[in-house]
Amino acid sequence: MHPIESERLRLRRIEPDRDALPMLALLNDPGFVRFIGDRNVHSEEQAREYIALRVLHSYALNGFGMYAIERLADGAWLGNAGLVRRDGLPGPDIGYAVLSEFAGQGYASEAARAVVAHARAGLGIEDLYGITDLDNVASGRILLGLGMQERGLIQLPGVDSPSRLYATPGAAEV
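Right, let's walk through the structure included here. What you see is a predicted model; the values in this text were computed from it and never measured. Sequence order as written defines the numbering, with residues in each chain counted from 1. pLDDT decides what is reported in this predicted model: residues at 70 or higher carry local features, side-chain atom pairs at 80 or more are listed and counted, and totals for whole chains, interfaces and linings draw on all residues regardless. Side-chain calculation: all heavy atoms of the structure are included, whereas hydrogens and water are not.

By convention a nonpolar core is built from buried Ala, Val, Leu, Ile, Met, Phe, Trp, Tyr and Cys residues, the set being connected through side-chain atoms within 4.5 Å. Burial status follows relative accessibility: with a 1.4 Å probe on protein chains alone, a residue under 20% of its type maximum counts as buried, one over 50% as exposed, and anything between as partly exposed. Core analysis: the largest hydrophobic core is formed by 47 residues, its most contacted members being L11, I14, I69, L83, I94 and Y96. Under the DSSP-based scheme used, a helix requires at least four consecutive residues in state H or I and a strand at least two consecutive residues in state E, with every element numbered from the N terminus. Of all the secondary-structure elements, those providing two or more residues to this core are β2 (9-13), α1 (16-27), α3 (44-62), β3 (66-71), β4 (77-84), β5 (93-98), α4 (107-122) and α5 (137-145). In terms of residues, this core owes the most to one element, α4, which gives eight residues. Contact criterion: two residues are considered in contact whenever any of their non-hydrogen atoms come within 4.5 Å of each other. Setting aside residues no more than four positions away along its own chain, L83 makes contact with S58, F64, G65, M66, P92, D93, I94, V115, A119, L123, I125 and L128.

Shown next as C-alpha cells:
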C-alpha cells in the first residue's frame, strides 16, 4: 500500500519498531481506553507484539488494517485510522483514534474520509460499517459525516456491552 494523503495528513502502514512508542501512548490514552477499550498494553515490547498480532496480521489476512496518521506539516504521529474485520459484521468496520492532544481539530474526520476513499477506489469496497461506544457522540458525528446511517444497537461477539452501529447506505443488514 502506498501512503494515503489528504489535505493535512498521511496515512501509512504501521511498523512495529517505528510505531511501538506512539502506539503505546495511543492505546493508553484516556479517550482510547474509555471509548475503545483497555488493550492491556503497558510496555514498548507489548506494543510491538500488539502491532504484530493485530495490525500486521490484518494486513496479511485482509489486505487492509489500521494505518498510522501523520501530520504532513511536521510528521507528528497523531493516531491511527483504517479498516478492521470484526466478528458480527458482514463487512469492514472503519476505525479511527487520535491522541487526546490532537482531538477536536478535525484530524479523525479527515483521516476517516481518506480511509473511505481508499476503501472504495483502492480496494473496491463499497459497504462499510462503523461502531461506537454508546456515549461516544463525537465518533458518531464523524460516521454520520461520512454519509453513514445509524442502524441502532448491536451486541458484537466478545464485547461486554452493546455498540451503536452505523453503515453506508445499501450495506447489508446485520
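Glancing now at the pattern of salt bridges. The term salt bridge refers to a side-chain nitrogen of Lys or Arg lying within 4 Å of a carboxyl oxygen of Asp or Glu. Considering all chains together, one arrives at 15 salt bridges under this definition. Across the pair E70 and R10 runs a salt bridge, and its minimum N-O distance is 3.6 Å. Taken together, the positions of E70 in strand β3 and R10 in strand β2 put the pair 60 residues apart, joining distant regions of the chain. For E173, the salt bridge goes to R151, with nearest N and O atoms at 3.6 Å. Of this pair, E173 sits in the segment after β8 (163-167) while R151 sits in strand β7 (residues 149-154), and the two are 22 residues apart along the sequence. With a relative accessible area of 63%, E173 lands in the exposed category. On the accessibility criterion, R151 (22% relative accessible area) is partly exposed. Through salt bridges with shared partners, one network takes in E5, R10, R12, E15, R18, D19 and E70.

What follows is about α4. Here a helix's expected span is defined as the number of its residues, less one, multiplied by 1.5 Å. If you check α4, its first and last C-alpha atoms are 21 Å apart, about what 16 residues at 1.5 Å a residue would give, namely 22 Å. Of all the residues in α4, the buried ones are Y107, A108, E110, A111, A112, A114, V115, V116, H118 and A119. Where α4 is buried, its residues meet β1 (4-5), β2, β3, β4, β5 and α5. Count one or two residues on from α4 and you reach G124, which has phi positive near 70 degrees.

Attention now goes to the side chain of S58. Relative to the elements of secondary structure, S58 occurs in helix α3. Not counting residues up to four positions away in its chain, the partners in contact with S58 are G63, F64, G65 and L83.

Here we come to the side chain of D29. Mapped onto the secondary structure, D29 falls in the loop between α1 and α2 (30-35). Charged residues are defined here as Lys and Arg on the positive side and Asp and Glu on the negative side; His and the ends of the chain fall outside this count. In this structure, D29 is buried with no salt-bridge partner, the nearest side chain bearing the opposite charge being R34 at 10 Å. When near neighbours in sequence (up to four residues on either side) are disregarded, D29 contacts L99 and S100.

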